[in-house]
Amino acid sequence: MGKGLLIVMSGPSGVGKGTILELLRAHYEPERKVFLSVSATTRGMRPGEIDGYHYHFIDREHFVELRDRGELLEYAEYAGNMYGTPASPIDSHIANGDIVVLDIETRGAFQVMEKRDDAVSVFIMPPDMDELERRLRGRGTETEEQIQRRMAISRSECGHAEKYDYIIYNDTLDNAVEAFCKIIDTNLNGDVK
Ligand code: ADP
Ligand code: 5GP
């Protein structure tokens with residue numbers, strides 16, 4: 001197996017990024033590992049989240065330390081909390097042949113695009129904003145205030161979609177996963193993005 005691939009994925013909260021990633025895993029594993037980068041965040045844990053698996057849940061002081069030591073590939077503030085990508089695991093996973101996915105918001109994604117010209121960037125779009133709000137509400141993990149805040153950020157994030165190498169519309173999960181696999185397979189085979 002040759003080298004893996006670095007994918008930077010963004011898309012509004014609730015569009016289905018996490019769900020798509022689980023299906024990508026099911027598609028590629030065990031032959032090829034899909035390594036989902038575990039970010040550091042100052043956000044509180046949601047019910048069901050596991051420290052070290054979904055995120056490294058840390059306080060602001062620890063986050064600032066990591067940032068100042070240069071251990072984060074990128075970082076950004078989102079809805080009042082800090083999020084950042086630990087740099088060190090990425091290259092070893094790529095060398096291993098893994099598909100490495102960063103699920104990060106747009107400002108962090110632009111930092112990665114600047115620093116890593118091997119990164120393939122993908123933006124996941126909702127069919128429309130009403131459907132996005134339905135999905136976000138349906139997930140049932142945010143308060144009304146948080147939903148409104150995330151919807152406002154989402155409107156502005158979707159305006160940046162054109163800056164990504166690829167846009168995928170998550171109308172049905174089957175279509176979205178098929179489109180994503182095609183992008184991964186094309187780039188794994190060394191074709192230009
Ligand atoms: P994100 O990781 O982008 O915040 P999630 O993966 O948590 O989003 O998805 C938000 C909600 O939308 C979940 O309840 C998920 O089951 C649902 N969902 C995801 N994709 C679709 C789709 N294509 N059609 C309908 N519902 C979807
Ligand atoms: P959530 O709180 O729903 O888990 O994530 C909120 C937003 O933060 C999502 O858009 C998610 O992609 C983004 N995010 C998660 N981890 C990181 C990270 O390490 N860096 C950046 N820039 N954004 C992140």
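To start, this report covers the structure provided alongside it.

Quick notes on the rules
Residues numbered from 1 in each chain as written. Chains lettered and ligands numbered in written order. Predicted model: local features only at pLDDT ≥ 70, side-chain atom pairs only at ≥ 80, totals over all residues. Heavy atoms only, no water. Near = heavy atom within 4 Å. Polar contact = N/O pair within 3.5 Å; in protein donor to acceptor, adjacent residues only side chain to side chain. Helix = DSSP H or I, 4+ residues; strand = E, 2+ residues; numbered from the N terminus. Nonpolar A, V, L, I, M, F, W, Y, C, P; charged D, E, K, R; others polar. Areas by Shrake-Rupley, 256 points an atom, 1.4 Å probe, with all protein chains shown as cover. 1 Å grid on protein atoms, 1.4 Å probe; cavity = no way out; pocket = protein on both sides within 12 Å on 5 of 7 lines; lining within 4 Å. Sits in = over half its atoms within 2 Å of the grid points. Points joined across faces, edges and corners; volume = space filled by probe spheres on them.

### Looking at the site of ligand 2
Point 1. Surveying the vicinity of ligand 2 reveals 16 residues, the closest of which are Ser39, Arg43, Tyr55, Tyr83 and Arg150.
Point 2. In this structure, glutamate 74 approaches ligand 2 through a side-chain N or O atom, which is 2.7 Å from a nitrogen atom.
Point 3. The side chain of arginine 150 places a nitrogen or oxygen atom 2.7 Å from an oxygen atom of ligand 2.
Point 4. Of all the elements in the fold, those that place two or more residues in the shell around ligand 2 are strand E5 (72-78) and strand E6 (81-86).
Point 5. Broken down by class, the residue content of the shell around ligand 2 amounts to 5 nonpolar, 4 polar and 7 charged.

### Here we look at the site of ligand 1
Point 1. Residues in contact with ligand 1 amount to 14 residues; listed here are only the nearest, Gly14, Lys17, Gly18, Thr19 and Arg139.
Point 2. Within the backbone of glycine 16, an N or O atom sits 3.0 Å from an oxygen atom of ligand 1.
Point 3. A distance of 2.9 Å separates a nitrogen atom of ligand 1 from a polar atom in the side chain of asparagine 170.
Point 4. For ligand 1, whose accessible area on its own is 570 Å², the fraction buried by protein is 73%.
Point 5. Structurally, ligand 1 is housed in the largest pocket.
Point 6. Elements that contribute at least two residues to the shell around ligand 1 include exactly helix H1 (17-28) and helix H5 (129-139).
Point 7. Element by element, the count of residues in the shell around ligand 1 is highest for H1, at 3 residues.
Point 8. The residue makeup of the shell around ligand 1, split by class, is 3 nonpolar, 7 polar and 4 charged.

### Observations concerning unusual backbone geometry
Point 1. The step from glutamate 29 to proline 30 runs through a cis peptide bond, and the omega angle for that step is 10°.
Point 2. Tracing the backbone through its elements, the reader meets proline 30 in the loop between H1 and strand E2 (34-36).
Point 3. In this structure, alanine 79 is a non-glycine residue whose phi angle is positive, near 50°.

### Observations regarding the layout of surface pockets
Point 1. By volume, the largest pocket amounts to about 1100 Å³.
Point 2. Every residue lining the largest pocket is counted, 41 residues in all, and those nearest its centre are Lys17, Gly18, Arg46, Tyr55 and Asp103.
Point 3. Residue assignment for the lining of the largest pocket shows that the elements contributing at least two residues are H1, E2, E5, E6, H5 and helix H6 (144-158).
Point 4. Counting residues per element, the lining of the largest pocket draws most heavily on H1, which supplies 6 residues.
Point 5. A breakdown of the residues in the lining of the largest pocket according to their chemical character gives 13 nonpolar, 14 polar and 14 charged.

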